[in-house]
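Structural characterization, general
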Amino acid sequence: MRPRAIVTGGARRVGRAIASELAQHGFDLAVHYHHSEAEAEAVAARCRAAGADAFTVGADLADLDAIDAMLARLTERWDRLHLLVNNASVYDPVPFEQIDAAEWDRVQAINVRAPFLLSRGLLPAMRATDPADLGAPDGQHGVVVHLCDIGADNPRPGYAHYSASKAALVMLVKAMAVELGPTIRTVGISPGQVAWPPSYDEARRARIRARIPLQRAGDPGDVARLVRFLTLEAHYVHGAIVPVDGGLSKRY
């Protein structure tokens, strides 16, 4: 059967690129969104044009009831799932002394708790797959890819809550690898500058490019191609965090 994938935050930027890349390589897609319904529908339409059975599912990943409803819809439509890509996250700068408990909890809920709950809730569907659908060895069924961040190890001012959430996600990759293997393979990807925030002007972008050893920014396709490779070819990569940053995380 065609492999099936869920991409959270699949309407924009890196998530959109991942969904499109997977559709072009034979996957059926569930494209998750929160606010960006029209953009998610456009991504799903693009995936269908590539031959995929693609649909959208909306949910606020900070809301436990919404996650339960999302899981119910997904498992009702699909009894088997090959790949979960936990891409959705929030990245809002707040000075350390201005981070209140509500903002801290919101960031942790979306960036860490939701990937945990979705991974746990979809385990039966992932364990029900045929490894041959991914070209995987016997005994290896579903794959979970968590989108981490180089900020997990290299914090920036204004992002303490974000960096802490991504550091926790890195540990979740490792913990899941130890506990869920060999049935479920878990990997992490830590992007650097692969999609410019709209608020970054050219001067700020130039300063960042100057710090990247490759002297250029990446793009969402760099992450998307790695997701595809890790899922379909890198069957012995497990519990690893792979940077996609042009060497930026190696600077002091």
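Predicted, not measured: the structure shown is a model, and the values here were computed from it.

Examining the overall build of the protein
Per the secondary structure count, the protein includes 8 helices and 7 strands. For the protein, whose C-alpha radius of gyration is 17 Å, the value lies close to the compact-globule estimate of 18 Å for 252 residues. Dimensions along the principal axes, computed over C-alpha positions, put the protein at roughly 50 × 40 × 40 Å. By residue count, 52% of the 252 residues in the protein fall in the buried class. When contacts within the protein are restricted to residue pairs at least 6 apart in sequence, long-range pairs at least 24 apart make up 75% of them. Just so you have it, the protein exposes about 11500 Å², and 53% of that area is on carbon and sulfur atoms. Of the side-chain charges in the protein, 28 are positive and 29 negative, and the distance between the mean point of each set is 6 Å.

Describing the pairing of strand β5 (residues 143-147)
Most of β5 is tucked away, with 5 of its 5 residues classed as buried. Of the two faces of β5, the one lined by Val143, Val145 and Leu147 and the one lined by Val144 and His146 are each fully buried. Where strand β4 (residues 83-86) meets β5, 4 bridges bridge the pair, whose relative direction is parallel. Counterpart to Val85 in the pairing with β5 is Val145. For β5 and strand β6 (residues 185-191), the ladder comprises 5 bridges, and the chain directions are parallel. Looking at β6, one finds that Val144 is bridged to Thr186. Read as a crossover between parallel neighbours, the route from β5 over helix α6 (residues 160-180) to β6 is right-handed.

Remarks on the packing of aromatic side chains
Evaluation of the coordinates by the stated rule reveals 5 aromatic pairs. Plain terms: the ring middles of Tyr91 and Tyr162 are 4.6 Å apart, the flat faces sit at 75 degrees to each other, and that makes the pair edge-to-face. In this pair, Tyr91 is assigned in the loop between β4 and α4 (101-121) and Tyr162 in helix α6, connecting sequence segments 71 residues apart. Look at Tyr91 and you get partly exposed, because its relative accessible area is 32%. An aromatic cluster of at least three residues, connected via ring pairs, comprises Tyr91, Tyr159 and Tyr162. Here the guanidinium or amino end of Arg77 rests over the ring plane of Phe55, the centre of that ring lying 3.9 Å away.

Some details on unusual backbone geometry
In this structure, Pro182 follows Gly181 across a cis peptide bond, with omega equal to 5 degrees. Here Pro182 shows up in the loop between α6 and β6. Even without being a glycine, Arg13 presents a positive backbone phi close to 50 degrees. Its place among the elements puts Arg13 in helix α1 (residues 13-24).

Remarks on the side chain of His82
Here His82 lies in the loop between α3 (64-77) and β4. At 2.9 Å, the side chain of His82 and the side chain of Asp133 are in polar contact. Every residue in contact with His82, bar those within four places of it in the chain, is listed here: Met1, Arg2, Pro3, Arg4, Thr129, Asp130, Asp133, Leu134, His141, Gly142 and Val143.

Points about the environment of Glu202
Here Glu202 is to be found in helix α7 (residues 202-211). Polar contacts involving the side chain of Glu202 include one to the side chain of Arg209, which spans 2.3 Å.

Brief notes about the nonpolar core
Core analysis: the biggest nonpolar cluster contains 37 residues, and Ile18, Leu22, Leu29, Leu83, Ile189, Val223 and Val227 have the highest contact counts within it. When residues of this core are traced back to their parent elements, those giving at least two are β1 (4-7), α1, β2 (28-33), α2 (37-49), β4, β5, β6 and α8 (220-232). Examining the composition of this core, we find that 6 residues originate from one element, α1, more than from any other. Apart from residues lying up to four places away in sequence, Leu22 is in contact with Ala5, Val7, Phe27, Leu29, Leu83, Val227 and Arg228. If you look at the next biggest cluster of nonpolar residues, it comprises 32 residues, including Ala59, Leu84, Ala88 and Val170.

So, the packing of α4 against α6
The interhelical angle for the contact between α4 and α6, taken along N-to-C directions, is 15 degrees, at an axis separation of 9 Å. By the angle class used here, α4 and α6 are roughly parallel. With respect to the hand of their crossing, α4 and α6 are arranged in right-handed fashion. Contacts between α4 and α6 involve Glu103, Trp104, Val107, Gln108, Asn111, Val112, Pro115, Phe116 and Ser119 on the former and, on the latter, Ala160, His161, Tyr162, Ala164, Ser165, Lys166, Ala168, Leu169, Leu172 and Met176.

Cut-offs and rules
- Residues numbered from 1 in each chain as written.
- Predicted model: local features only at pLDDT ≥ 70, side-chain atom pairs only at ≥ 80, totals over all residues.
- Heavy atoms only, no water.
- Helix = DSSP H or I, 4+ residues; strand = E, 2+ residues; numbered from the N terminus.
- Rg over C-alpha atoms; globule rule 2.2 N^0.38 Å.
- Buried < 20%, exposed > 50% of the residue type's maximum accessible area, 1.4 Å probe, protein only.
- Contact = heavy atoms within 4.5 Å.
- Areas by Shrake-Rupley, 256 points an atom, 1.4 Å probe, with all protein chains shown as cover.
- Lys, Arg positive; Asp, Glu negative; His and termini not counted.
- Charge placed at Lys NZ, Arg CZ, Asp CG, Glu CD.
- Pairing = 2+ DSSP bridges.
- Right-handed = clockwise from strand over helix to strand, strands pointing away.
- Phe/Tyr/Trp six-rings, centres within 6.5 Å; stacked < 30°, edge-to-face > 60°.
- Lys NZ or Arg CZ within 6 Å of the ring centre and 35° of its normal.
- Polar contact = N/O pair within 3.5 Å; in protein donor to acceptor, adjacent residues only side chain to side chain.
- Core = buried A, V, L, I, M, F, W, Y, C linked by side-chain atoms within 4.5 Å.
- Axes fitted to C-alpha atoms, helices over the stretch in contact; angles between N-to-C directions.
- Parallel < 35°, antiparallel > 145°, perpendicular 65-115°, else oblique.
- Left-handed = near helix turned anticlockwise from the far one by under 90°.

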